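Residue-level structure breakdown
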Amino acid sequence: MKASKLLHTRLRVNNIEESIKFFTTVLGMEVVRKTQSPRGSILAFLKLPGSDEEIELCYYPGSGKVNVPPDLMHLAFEVKNLEQFREHCSKLGYQFSDGPTVTSNGTKFAFIDHPDGYEIELIERNQ
């Protein structure tokens, strides 16, 4: 027996609207649905067009402030052109927190930080 598909990854956030804005404006994700759980948390599910996997943002004020330690985890997204993506981020007020770095096979990657400190990796694959 095994799992058949990754459905979503949950990130608990301090401000659901700020997080939605980050994922939609910076990364181009779309809100698929927004709901409130039976225990009172506000949930927003987002995904990229053409992708099945979702990110679940969870705002749950009853559990206290989110403090993301450095290098806890990251999400990785493919971009077509890392330099153009840097310009896009800069126009929105976000800077790369690390990189860009070029690997031995020519793939480039960099990181940008979500408002709560989650690391977002951006990868331009060597064609």
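Being a predicted model, the structure only gives us computed values, none of them experimental. (Residues numbered from 1 in each chain as written. Predicted model: local features only at pLDDT ≥ 70, side-chain atom pairs only at ≥ 80, totals over all residues. Heavy atoms only, no water.)

1. Observations concerning the overall build of the chain
Per the secondary structure count, the chain includes two helices and eight strands. In the chain, the order of α-helices and β-strands from amino to carboxyl end is β-α-β-β-β-β-α-β-β-β. Across its three principal directions, the C-alpha atoms of the chain cover 50 × 40 × 25 Å. The buried share of the chain, reckoned over its 127 residues, is 34%. Contacts spanning at least 24 positions in sequence make up 50% of the contacts within the chain whose residues lie at least 6 apart. When the accessible surface of the chain is split by element, carbon and sulfur atoms take 49% of a total near 8,000 Å². For the chain, the separation between the mean place of its 15 positive charges and that of its 17 negative charges on side chains is 5 Å. (Helix = DSSP H or I, 4+ residues; strand = E, 2+ residues; numbered from the N terminus. Buried < 20%, exposed > 50% of the residue type's maximum accessible area, 1.4 Å probe, protein only. Contact = heavy atoms within 4.5 Å. Areas by Shrake-Rupley, 256 points an atom, 1.4 Å probe, with all protein chains shown as cover. Lys, Arg positive; Asp, Glu negative; His and termini not counted. Charge placed at Lys NZ, Arg CZ, Asp CG, Glu CD.)

2. Quick word on the packing of aromatic side chains
The tally for this structure, following the rule as stated, stands at three aromatic pairs. Considering the side-chain rings of Phe22 and Tyr94, the 5.2 Å spacing of their centres and the 75 degrees angle between planes classify their relative orientation as edge-to-face. With Phe22 in helix 1 (residues 16-26) and Tyr94 in the loop between helix 2 (82-91) and strand 6 (96-102), this residue pair connects regions lying 72 residues apart in the sequence. We classify Phe22 as buried; its relative accessible area is 0%. A centroid spacing of 6.2 Å and a plane angle of 90 degrees characterise the contact between Phe109 and Phe111, whose relative ring orientation is edge-to-face. The class for Phe109 is partly exposed, based on a relative accessible area of 22%. (Phe/Tyr/Trp six-rings, centres within 6.5 Å; stacked < 30°, edge-to-face > 60°.)

3. Concerning the UniProt feature "domain: VOC" (unreviewed entry) in the chain
The feature "domain: VOC" (unreviewed entry), as annotated in UniProt, sits at residues 5-125 in this numbering. Counted over residues 5-125, helix gives 17% and strand 40%. Its end C-alpha atoms are 24 Å apart. (UniProt positions renumbered as here; feature names shortened; annotations may be inferred.)

4. Section: helix 1
Among the residues of helix 1, those classed as buried are Ile16, Ser19, Ile20, Phe22, Phe23 and Val26. Positive phi shows up at Gly28, right after helix 1, with a value of about 80 degrees.

5. What about unusual backbone geometry?
In this structure, the amide linkage connecting Gly99 to the following residue, Pro100, adopts the cis form with an omega of 10 degrees. For Asp71, which is not glycine, the phi dihedral falls at a positive 60 degrees. In this fold, Asp71 is placed in the loop between strand 4 (54-59) and strand 5 (74-78). Assessed through its relative accessible area of 64%, Asp71 is described here as exposed.

6. Some remarks on the sheet that holds strand 2 (residues 30-36)
One open sheet accounts for four strands, arranged 1-4-3-2; its pairing is mixed. Two strands in the sheet have a free side with no partner beyond their single neighbour: strand 1 (8-12) and strand 2. Between one strand and the next, the sheet's axes are offset by a mean angle of 20 degrees, whatever the strand orientation. In terms of strand pairing, strand 3 (residues 42-47) meets strand 4 through five bridges, oriented antiparallel. Residue pairing in the sheet places Phe45 in a bridge with Glu56 of strand 4. (Pairing = 2+ DSSP bridges. Axes fitted to C-alpha atoms, helices over the stretch in contact; angles between N-to-C directions.)

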